[in-house]
Each structure stands twice: as C-alpha cells, then as structure tokens.
Number of protein chains: 2
Amino acid sequence: MALIVQKFGGDALGDKGKGREADQSDLSGASLIVEKFRRVAQVVKRSRDEGHSVVAVLSAMGDTTNRLLRMAGALNPDSPARELDALMATGEMQSIALFAIALHQVGVPAMSFTGVQVGIRTDELFGRSRIREVNCDRLRTAIANGQVPIVAGFQGVSDNGDITTLGRGGSDISAVAVAAALHADACEFYKDVDGIFSTDPRIVPSALKIDRISYDEMLELASLGAGVLHSRSVEFAKNYGVPLHVRSFLHDEPGTYVIPEDKSMENVVVSGVVPKTTEARLTLEELPDVPGTAAKVFTGLADADISVDMIIQEEARGGRNSISFTVEKKDYGKALEISKAVVAELGGGQVTGDDTVAKVSAVGVGMKSHAGVAAKMFKALADANINIDMISTSEIKISVLIKEADAKRAVEVIHQAFEQEMIDAKAQAAAHRDMAEAGA
Amino acid sequence: MALIVQKFGGDALGDKGKGREADQSDLSGASLIVEKFRRVAQVVKRSRDEGHSVVAVLSAMGDTTNRLLRMAGALNPDSPARELDALMATGEMQSIALFAIALHQVGVPAMSFTGVQVGIRTDELFGRSRIREVNCDRLRTAIANGQVPIVAGFQGVSDNGDITTLGRGGSDISAVAVAAALHADACEFYKDVDGIFSTDPRIVPSALKIDRISYDEMLELASLGAGVLHSRSVEFAKNYGVPLHVRSFLHDEPGTYVIPEDKSMENVVVSGVVPKTTEARLTLEELPDVPGTAAKVFTGLADADISVDMIIQEEARGGRNSISFTVEKKDYGKALEISKAVVAELGGGQVTGDDTVAKVSAVGVGMKSHAGVAAKMFKALADANINIDMISTSEIKISVLIKEADAKRAVEVIHQAFEQEMIDAKAQAAAHRDMAEAGA
C-alpha cells in the first residue's frame, strides 16, 4: 500500500525515436498514440489494482515539443522566452488531459493538473526554471478521493502567474519534485528500456541489467550521457532521498533502483562502462610554469561559452609545462583558435589537437574500497593494444581518452575485465535480499 | 486613439474551410500558418501605427480543436467533460503564444494570457460555461506598458481553478466580454469575408455589403445561421453596448458595424434575406380544441431534447384545430414518432410531415415603421409561382416555409424586390455620415 509517482515520457506516449515521427495529426500516428495511452493506462491500473496510490507525471507526446519550437522558430528566430515557455507547456497539457480520458476509460478515476493548477512554483528563468516549491493540497485531496492525479511535467508557474518550463530533463525533475513533496515511497520512470545497463547492449551483448545503483554512480552515468535519466533529476532525488526506479512500460519486470548507497553496493567494483565520442582533445605545449597560466587558458574558453571536460596538466619540466583538455567536438575549432591566441600571448609553444578521440569511463562505488581497479582497466586496454592518451579519475570513476576507432573495442575489453565481478555481485545482492525478505 | 479589441478566428489563423485541413504538423501547413500569423500581425501593427491600443483575442488554429476532440473520442467515447475542456483549451494557448512571438517579430511588444492568467471567471458547466467576470488588471497593466495583450478565447477558469470552455462561438464571446470589461471603443472580428451581406452572394451576386446593422437584426440573422457571428456574442454585445465591427483580415476596408439601433436604420426595410434548409415541417391535424393540447405536444418534444422553431396553430373549426411546426431535419424521425403518440393519446387525426422544405426569412428593423413589407414579399414569391406552406413573423422578421427546391429562387426574388430600397438606404446613410463628418 505505497504511494508511487509514475513518470511517463515522450517515448511512452508517442512514437519518438522509433524511426518515424508520428503525432496526433497524422491518422496512423493518432491510432498509435491511442494505443500507447491505453498501454500506459494499464500500467497505472495494475498498480492501483495492487492497492497502491498513484500520481502520474507526463511529458508531451512524442515530437510535440520540437514541432512547436519549429513553428515558433519559423515565425521568429528570436522568440521571447516567456512565450516559448507558454507554447511548449501546451504539449504536456494535452498529454495529461488525454491520459485522464484514457484512465477513465479503464475505470480509473483521474484528474489532470497543469503546473499552475498543482502549484509548482518556480523562479522566472524561462526555459530553465528551478522548482522552488510544490503545493500538494490538490494532489492530496485527489488521492484521498481515490483519484489518480495526473501532473503536467516540465512546467511550473512563476510568482506572477507566468508559465515557466524547466529545461532539459524537466519532466523527470517534475516527477522527482512531486515525489519528494508528497513523501512518496518511490518515483518510477517508465522507459522503452528494461533499466540501466552495465554498458550499451548494442556494443556488448552480455551487458547486465543493473538491479540497484547508488545516486552517485547514477550521477556519473548521467553526466556521461548514458544514464537514461537526466543528472538534474538524479541530483534532486539524492538531495531529497527519493528512491527512483527506472523500468520498462512494456512489461512488469523490475528495472533498476536508484537508491542511497549501502554496504552491499561496495561489492560492485564497476557498475557501468560508458563510451563518449563527442569530445575532442587539445594540448597546449611549453606554457610558462607560473601562476595564472591555467586561469588564462580556461577563462578564454569560458568567455566563449565552451565547456571543458577532462583537464590534465603535466609536471613542469624546465620551467615549462603542458596542459591537455577536452571540449565538445562542436566547439573544437573555436577552442583551437582561442587556445592559439592565448598561447601566443603567454609565449608558449605549439597547440595540437585531435577530434578523433573517444572517452571511455568505468563507474562504480566499489572503487572507493577496492584497490587495483585502474590497473586492471589499463591492463585490459594494453592487452588489446589500445593506447591511452589521457587519464582522469574521480572517486568512483576512471576515464581514459583513446582513439575514437578503438572505442568499441575498449568498451568490450573493459566490460569483459569486470564482467564476472558484476555477475557475482548481482547474485550476491539478490541472495542477500532474498534472505532479508525471508527473515522479515 | 481608441482601445480596440481585435478577434482573430480559426479561419484567420489556420487553413480551415479552404478545401484542405492543414495544421502545424504538416510542413506545407506549417508554412501556411506562419504566413497567416504574419498577416494577422500586420493587422495589429497597422492599428498600433494609427495610434490605437489593441487587445487581441484568438481562437485555436484551423482544425486544432476538432483534431484534439477526435483524439479524445478515439481514447474514450465518453470522455469526462473537465478533461475535454482542459484538452481543447490548449489549442487557444498555442495560438496566443505563437501570435505573441509573431508580433515581437514585427516589433510590436506583446504578451499572451490564458483564461486563467487574465482571470476570465466562469461557472463550472464544462463545455458550455458562462462568463461571470473578466478581471482586467493584467490586461490594463500590459496596455499601460505599451504592450498588446493577447487573450486566449473560448476558455475561462472556474472558482476552483479548473479550465472551462464556453461552447460554440466561445471565442467571439470572449472577445466581446473582454471588450465590455475594458470599456473598449470597438470589438473587431476579422474574418475571411468583407462583412455581413444582404444575402448569400453565391446565390445573389448583387448582394450588398451591409454597412451598419442593429444588434436585433444581427441577432435574427445569427439565429438563422447567417450572421457570421454567433448569436450569444451578439446578445452579449447588445447587453453591454459594445460596438462590433465584422471585417476582412485580407484588406483594410471597413466591414459591417453592429451597433445600437438608430433613426437612420429605419430606412432599411429589409437588411438581409436568409435561406435555411435544415428544418423539417410536421402538421398535427384535428386536435381537440381544449386547453393544454399545445402544451402536451411540445412537452413531449422538449423531453426528447428536440428544439422547435416555427409554430403555427390554425383557428379552430368544429372544436378541432391543427398545429404545424418545424424541427431540425436530424430530429424529424423522432419528432414524427413522438407526435403520433401524442396525437393518438389526445384522440386527434393525422400527423403529416415534410422534410424537403426550406425557410426563407427577410430581416429588417425598418419593418417596424414600414407597412406592406410582408405583402411585397408574398407578391414576389407569388409572381415566381412559389407556394407558401407556413408563415411566421416577428417584429423585424418575416419567415416563410416553402419547398426546398424553391429556396434559391425565393431568395433571389425576395432580394430583388427589396434591392433598390437597400441601395437607396445605403447611399442615404453614407451621405448622412459624410455630412455629419463634414459638420464635425
């Protein structure tokens, strides 16, 4: 008898990412959407039948948001942010009303709520607002009346009544915020995947579905673009201690729980292996080894709105050192230009770069307590004759920069190196949970 | 330096009624809509350039509302009314945001307002709400700041924050309500026609554009389905004394002013001639001429939700009389059935009917002061060998029921009979206005 927030995204409600873009105006698209809403309605109905109270949080259908943005862009490339937010928010408003209609059809009383109607108060940063407060009064009343409140994700309302949107990953954040405000027992994310995997199953067919993962690991995976969830929503969940559950809307099997770190997780040395091929490397050679050099380099890039990911500075030799870093490939040319200007100004040497690199990372909380993880990873790469360009590490992550052509192979060999440990840890955790359940 | 409310409907913003249904998802539809928004933006800009303050009220684009209703119907034929309203209201929300974006593009500062944001308070009769109050605070502030407020038509908000819609003609009503609340100088309706015509120009090519018409005449025309505006909005305008102006969004020529009746209008004996071919006639013969007979007949029809239009009862002969009336053709079969049952119960005679009839009406305030209008109309029909089945009259309207096959010809000959008077009255009124302007 739990209170569960269930989030359904554009992939659950539309035809996004399935090779074609269907929407409600196209007849076959419309019937496809009807079918999807019916399936999602069954997910909610099943949870209700099991005795749970459910609050649903929805994204816009399929491609709706992009379609609206294209319309706006065609009218005015420099659209006012307030109006773009008001426009985009209609996508979720359509979803929630249609979903309430679909739930009534299967006998589940439901009621839709826009961001304004709930009272999801945000600041006024249109397009990237932050939630300040979620008013739960109307949601609690609906739940008490046996209804399923359906909340429009991605949107909120500013103090003076303007409609705001939360930016990328916004609907996920809405779901976590509603779950936190209601002190829900879980926040479930229904996706077209079975959960979070130890690596991309298209690269490594033996990739394992992760049963349980800590917020911090999930954050690392999310920031590598491989976490299914957006990192802002994971951060939010971590801060408010909301248990997340990433699962499939196609079947009833459990997916991946994202929860606070516990002792048993330390057995998992590596949870995930993630490639990222969108970065390029730059190296600034023979810079003067004096204070302020690094600051000058990165201030120039920051001023041009270029984000830097990995940064490595070598030990100075002869009063000179070199700095290497990675930027997104799209920023490569501009970063080269800026770097050359800065190096010239500083009286440095060459600037070299490479935009055919890949970053491959291994993430796992177990690294904190297990020695030799990096060594094992490097050995696996060496055995496969893959050269390492750069290395950077955090408490629970090791990243290497390699040739882009080696990325797939690198993921395979690193995953292989830790696969047996993953399998053992998974089995051990399952046995542990079975024992705990038997004892309870 | 006037304050003008400008209403733009689905025909001004989409591709409705032009042989194909375009909408924002279809690429050519999207560019067409962009073009339409740009044109409408120029209408507002022109008024601003002339020094006027403008408030825009918008419908949904083209076919949007029907498309959403089809989606809902596919999900659940018995959709909850609250959710249907929430769903439909998104159409206008999209229009207003896109229009604000389009106005910014031509340098006109604008701000969109949903029914909730304005504070268009209604009752809770979802799908057919009535406006109780329009809060003008945010609109007045925007106007004072030199902005064009853009209001979502058709929608309001109930006391507990639910989104409501106003039913058929709802956006027109929103425009008049906003104009009344702001004490606007005029409420302009931009249409794809030049104004209101003395009859359908497709039937009578010499049909005259009406320059000025009284609320009451317009109400008669609207209730005959020929007034371009919905009768509820005309009633609202009459009650609050809001001057209306029906005009084209394709050019800057004045259209038809709908204003309080004045002396000069009495010259116009007949303003409009309107055919209506959607009704069917029933005649209940030899009913007992005792009190309560008519009540029994029409109570039965009302209980079945059948609206009755013309009603005629003949003088009783031999303690018996007959009643004839018209209903919408779609209700004809049911009305026949009910009538037969009632007649049997009352011990009456035959029930006959005809669903191949047409009603042709002549409307004009001048009828009140001019004798012989009916005679002239009947003579025109007689000369054309058109037989009259039923006649009904009001203070400013004469309607005849004839064979449907004669409808077009009837409109022609009636219009012809009054055409010269229309032309003379129009010229006289124009001369009068010119003199008034010259004297001012």
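Structure: above.
Report follows, based on the coordinates. (Residues numbered from 1 in each chain as written. Chains lettered and ligands numbered in written order. Predicted model: local features only at pLDDT ≥ 70, side-chain atom pairs only at ≥ 80, totals over all residues. Heavy atoms only, no water.)

As for the packing of helix α3 (residues 64-75) of chain A against helix α4 (residues 81-105) of chain B
1) Next: Contact geometry for α3(A) and α4(B): axes closest at 9 Å, N-to-C directions at 25 degrees. The orientation of α3(A) relative to α4(B) falls into the category roughly parallel. The two elements α3(A) and α4(B) meet at a crossing, and its hand is right-handed. Of the residues in α4(B), those in contact with A:L68, A:M71, A:A72 and A:L75 of α3(A) are B:Q94, B:L98, B:I101, B:A102 and B:Q105.
2) Next: For the contact of α3(A) with α4(B), the class distribution of residues is 7 nonpolar, 2 polar and no charged. (Axes fitted to C-alpha atoms, helices over the stretch in contact; angles between N-to-C directions. Helix = DSSP H or I, 4+ residues; strand = E, 2+ residues; numbered from the N terminus. Parallel < 35°, antiparallel > 145°, perpendicular 65-115°, else oblique. Left-handed = near helix turned anticlockwise from the far one by under 90°. Contact = heavy atoms within 4.5 Å. Nonpolar A, V, L, I, M, F, W, Y, C, P; charged D, E, K, R; others polar.)

Thoughts on the sheet that holds strand β6 (residues 148-152) of chain B
All names here are of chain B.
1) Next: The sheet built from 8 strands is open, its strands ordered β3-β6-β2-β1-β9-β11-β12-β10 with mixed pairing. What marks the edges here is a single partner per strand, and that holds for β3 (110-113) and β10 (212-214). Each strand of the sheet is rotated relative to its neighbour by a mean of 25 degrees, with strand direction disregarded.
2) Next: Where strand β9 (residues 186-191) lies against strand β11 (residues 244-248), 5 bridges are found, and the strand directions are parallel. Opposite F189, over in β11, you have V246 as the bridge partner.
3) Next: Running over the sheet, helix α7 (residues 170-181) touches β1 (3-8), β2 (53-58), β6, β9 and β11 and is turned about 155 degrees from β9. (Pairing = 2+ DSSP bridges.)

So, the relation of the copies chain B and chain A
1) Next: Relative to chain A, chain B is turned by 180 degrees and slid 0.1 Å along the rotation axis, the superposed coordinates differing by an RMSD of 0.2 Å. The operation mapping one copy onto its partner corresponds to a two-fold rotation axis. Among all residues of chain B, the minimum C-alpha distance to the rotation axis is found for B:T90, at 2.8 Å.
2) Next: When the interface residues of chain B are mapped onto chain A, 100% of them again fall at the interface, so both copies present the same face. (Least-squares fit on C-alpha atoms with pLDDT ≥ 70 in both.)

Concerning helix α10 (residues 293-303) of chain B
Since the α-helix advances by 3.6 residues per turn, residues separated by three or four positions end up pointing in the same direction.
Residue and element names in this part refer to chain B.
1) Next: Among all positions in α10, only T293, V297, F298, G300 and L301 are buried. The arc that holds the buried residues of α10, viewed along the axis, is 150 degrees, so those residues lie on one side.
2) Next: Its buried side turned inward, α10 meets β14 (279-288), β15 (308-313), β16 (320-328) and α11 (332-346).
3) Next: Phi for D305, located one or two positions after α10, is positive at around 65 degrees. (Buried < 20%, exposed > 50% of the residue type's maximum accessible area, 1.4 Å probe, protein only. Arc of directions from axis to C-beta.)

As for the packing of aromatic side chains
1) Next: Tallied over the full model, the rule gives 10 aromatic pairs over all chains.
2) Next: Note on B:F236 and B:Y240: the rings are 5.0 Å apart at their centroids and 25 degrees apart in plane angle, and the pair reads as stacked. Linking B:F236 with B:Y240, this pair stays in helix α9 (residues 231-240), spanning 4 residues, or about one helical turn.
3) Next: A relative accessible area of 56% places B:Y240 in the exposed class.
4) Next: Between B:F298 and B:F325 the ring centres are 5.2 Å apart and the planes differ by 70 degrees, which places this aromatic pair in the edge-to-face class. Within this pair, whereas B:F298 is found in helix α10, its partner B:F325 is found in strand β16, the two being separated by 27 residues in sequence. When sorted by exposure, B:F298 lands in the same class as B:F325, which is buried.
5) Next: Site record: aromatic cluster; members linked through ring pairs are A:F8, A:F37, A:F99 and A:Y190. (Phe/Tyr/Trp six-rings, centres within 6.5 Å; stacked < 30°, edge-to-face > 60°.)

Some thoughts on the nonpolar core
1) Next: Residues B:V5, B:V178, B:C187 and B:L244 are the most contacted members of the largest nonpolar core, which totals 45 residues.
2) Next: Here the element with the most residues in this core is α7(B); it accounts for 7 residues.
3) Next: In this structure B:C187 touches B:V5, B:A175, B:V176, B:A179, B:V242, B:P243, B:L244 and B:H245, once residues within four positions along its chain are discounted.
4) Next: Ranked by size, the runner-up nonpolar core spans 44 residues in total, among them A:L139, A:I173, A:A175 and A:I213. (Core = buried A, V, L, I, M, F, W, Y, C linked by side-chain atoms within 4.5 Å.)

A look at empty space enclosed by the protein
Residues and elements named next belong to chain A.
1) Next: A full pass over the atoms with the stated rule returns 3 cavities of 30 Å³ or more.
2) Next: Roughly 220 Å³ of volume is contained in the largest cavity.
3) Next: Lining the largest cavity are 18 residues, with I210, D211, R212, V268 and K426 positioned closest to its centre.
4) Next: Looking at the lining of the largest cavity residue by residue, the class counts come to 8 nonpolar, 5 polar and 5 charged. (1 Å grid on protein atoms, 1.4 Å probe; cavity = no way out; pocket = protein on both sides within 12 Å on 5 of 7 lines; lining within 4 Å. Points joined across faces, edges and corners; volume = space filled by probe spheres on them.)

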